[in-house]
Amino acid sequence: MTLTQSSSDANNGSRQRFELELLVQRAVPNPDQLNHSKDLLKDAVDGISPDGWKHLQSVPINSDSDHLDIAIPSHWRNEGMAKASKPGELERLIENS
């Protein structure tokens, strides 16, 4: 038996994002987070310009005094995430690319 969904569900962005999260087993940024990331591109991390984020193929989506959430490409997988989570490593990734 093949499960299908109605075409109205197939066109629902929230539903598509949820299904993608299930598929890749990772959180997927929502539209509000992505819109907020435009403001964070300039000042989320000292020393990383909007061009630097573009070079990394990633964007900051949330920031406070204790942490920084970054949307990263799926090809980074665990190795890239581990590197980026170390202090100062984002800057090194940009310099070495």
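Student: Please provide a residue-by-residue account of the pattern of salt bridges, values included.
Tutor: This structure, assessed with the given rule, holds one salt bridge. The residue E19 makes a salt bridge to R15 at a minimum N-O spacing of 2.8 Å. Of this pair, E19 and R15 both sit in helix α2 (residues 13-24), four residues apart, which is roughly one turn of that helix. The exposure class assigned to R15 is partly exposed, which follows from its relative accessible area of 36%.

Student: Explain the pairing of strand β1 (residues 59-63) residue by residue, including any values.
Tutor: Residues in a regular strand point their side chains to alternate faces of the sheet. In the sheet, β1 pairs with strand β2 (residues 68-71) via four bridges, with the strands oriented antiparallel. Residue pairing across strands places V59 opposite A71, the latter belonging to β2. The turn joining β1 and β2, which pair antiparallel and follow one another in sequence, is formed by four residues.

Student: Could you give an account of α2, with specific residues and numbers?
Tutor: Given a rise of 1.5 Å per residue, twelve residues ought to cover 16 Å, and the 16 Å separating the end C-alpha atoms of α2 matches this to within 8%. Q25, located one to two residues past α2, shows a positive phi value of around 55°.

Student: Describe the side chain of S58, with residues and values.
Tutor: With respect to the element layout, S58 can be found in the loop between α4 (50-56) and β1. Look past the residues within four positions of S58 in its chain and what remains in contact with it is W53, I70, A71, I72 and P73.

Student: Give me the lowdown on unusual backbone geometry, citing residues and values where you can.
Tutor: For Q57, which is not glycine, the phi torsion reads 60° and is therefore positive. Among the secondary structure elements, Q57 is positioned in the loop between α4 and β1.

Rules used in this analysis
Residues numbered from 1 in each chain as written. Predicted model: local features only at pLDDT ≥ 70, side-chain atom pairs only at ≥ 80, totals over all residues. Heavy atoms only, no water. Salt bridge = Lys/Arg side-chain N within 4 Å of Asp/Glu carboxyl O. Helix = DSSP H or I, 4+ residues; strand = E, 2+ residues; numbered from the N terminus. Buried < 20%, exposed > 50% of the residue type's maximum accessible area, 1.4 Å probe, protein only. Pairing = 2+ DSSP bridges. Expected span 1.5 Å × (residues − 1). Contact = heavy atoms within 4.5 Å.

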